[in-house]
Amino acid sequence: KAGVTQTPRYLIKTRGQQVTLSCSPISGHRSVSWYQQTPGQGLQFLFEYFSETQRNKGNFPGRFSGRQFSNSRSEMNVSTLELGDSALYLCASSLGLQGAATTEQYFGPGTRLTVT
Amino acid sequence: ILNVEQSPQSLHVQEGDSTNFTCSFPSSNFYALHWYRWETAKSPEALFVMTLNGDEKKKGRISATLNTKEGYSYLYIKGSQPEDSATYLCALNTGFQKLVFGTGTRLLVSP
């Protein structure tokens with residue numbers, strides 16, 4: 001069974017630009033969550049999508065947005081990039097069924113974004 | 001804001017040593033506690049999903065306990081091996097797959 005894939009793996013952007021990251025979940029998984037990892041803050045939850053609907057959102061500015069397609073693939077967009085957005089962005093997939101907090105979440109390898 | 005703390009921040013042991021880490025949290029306002037192992041340049045790997053007070057899980061040389069009344073979870077590694085070197089993360093599932101992570105314990109096992 002193929003794991004969670006993320007593209008691209010590395011990205012360099014300039015301040016003020018926008019960027020789109022992609023995540024393909026494990027086949028059959030309908031939930032995709034996004035996390036940001038920075039050295040100072042650790043892993044921070046961005047948002048979660050299930051069946052094309054955002055169910056949960058972390059404390060990030062509106063410049064961070066996402067969406068999910070009917071095949072469960074998800075994209076994350078960051079507009080007007082700032083230097084502080086440089087981070088490793090991870091996505092995780094799970095079955096995501098209601099009341100299934102005990103199911104495992106499987107992480108992708110991440111996209112390393114550098115903003116200059 | 002749910003604050004998840006892990007201790008120690010880092011640990012250096014010799015091959016064969018047994019070790020344990022702590023994950024502590026201020027309240028039991030969550031649905032499950034997850035443990036992950038994150039090796040450099042790889043994806044975080046799920047170790048355990050813990051539910052209910054008194055839950056215990058074991059996988060090979062690694063085991064974990066959860067005490068929601070006292071606000072902590074322990075992860076034990078028996079007879080550490082160099083391949084156990086990684087960062088160990090705990091996270092609380094607060095609903096709809098949202099995980100609140102601790103900052104992790106970095107383990108280095110020397111041969």
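Preceding this paragraph is the structure being described.
Because the structure is a prediction, the values reported are computed rather than measured. (Residues numbered from 1 in each chain as written. Chains lettered and ligands numbered in written order. Predicted model: local features only at pLDDT ≥ 70, side-chain atom pairs only at ≥ 80, totals over all residues. Heavy atoms only, no water.)

Participant: Which residues make up the overall build of chain B, and what values go with them?
Facilitator: When helices and strands are tallied, chain B shows 0 helices and 11 strands. Its helices and strands taken in sequence order, chain B reads β-β-β-β-β-β-β-β-β-β-β from the N to the C terminus. At 13 Å, chain B has a C-alpha radius of gyration in line with the 13 Å of a compact globule built from 111 residues. Burial status across chain B gives 51% buried among its 111 residues. (Helix = DSSP H or I, 4+ residues; strand = E, 2+ residues; numbered from the N terminus. Rg over C-alpha atoms; globule rule 2.2 N^0.38 Å. Buried < 20%, exposed > 50% of the residue type's maximum accessible area, 1.4 Å probe, protein only.)

Participant: Summarise the packing of aromatic side chains; cite the residues concerned and give the values.
Facilitator: A full pass over the atoms with the stated rule returns 12 aromatic pairs over all chains. Ring centres of tyrosine 35 of chain A and phenylalanine 107 of chain A lie 5.6 Å apart, and the angle between their planes is 50 degrees; on these two criteria the pair is classed as tilted. Note that tyrosine 35 of chain A is positioned in strand β4 (residues 31-38) and phenylalanine 107 of chain A in strand β10 (residues 106-107), a separation of 72 residues in sequence. A single burial state applies to tyrosine 35 of chain A and to phenylalanine 107 of chain A, both of which are buried. Its end group placed over the ring of phenylalanine 48 of chain B, lysine 59 of chain B keeps NZ or CZ at 5.8 Å from the ring centre. (Phe/Tyr/Trp six-rings, centres within 6.5 Å; stacked < 30°, edge-to-face > 60°. Lys NZ or Arg CZ within 6 Å of the ring centre and 35° of its normal.)

Participant: An account of the nonpolar core is needed here, citing residue identities and associated values.
Facilitator: Taken as a class, soluble globular proteins show a tendency for nonpolar side chains to be buried jointly. Core analysis: the largest hydrophobic core is formed by 24 residues, its most contacted members being Leu33, Trp35, Phe48, Leu75 and Tyr88 of chain B. Broken down by secondary-structure element, the contributors of at least two residues to this core are β3 (19-24), β4 (32-38), β5 (45-50), β7 (62-67), β8 (72-77), β9 (86-93) and β11 (105-110) of chain B. Looking at this core element by element, the count peaks at 4 residues for β9 of chain B. The residues contacting leucine 33 of chain B, other than those within four sequence positions of it, are Cys23, Phe25, Phe48, Val49, Met50, Leu66, Ser73, Cys90, Ala91 and Leu92 of chain B. Of all hydrophobic cores here, the second largest spans 21 residues; its members include Val19, Ile26, Tyr89 and Leu113 of chain A. (Core = buried A, V, L, I, M, F, W, Y, C linked by side-chain atoms within 4.5 Å. Contact = heavy atoms within 4.5 Å.)

Participant: Can you explain the state of the cysteines? Please cite residues and give values.
Facilitator: Residue and element names in this part refer to chain A. The tally for this structure, following the rule as stated, stands at 2 disulfides over all chains. Each sulfur in the disulfide pair cysteine 23 and cysteine 91 lies 1.9 Å from the other. One quick way to see it: the torsion about the S-S bond of cysteine 23 and cysteine 91 is about 75 degrees, and its sign makes the bridge right-handed. Of this pair, cysteine 23 sits in strand β3 (residues 19-24) while cysteine 91 is found in strand β9 (residues 87-94), placing the two residues 68 residues apart along the sequence. Take cysteine 23 and cysteine 91: they sit in the same class, and that class is buried. (Disulfide = S-S within 2.5 Å.)

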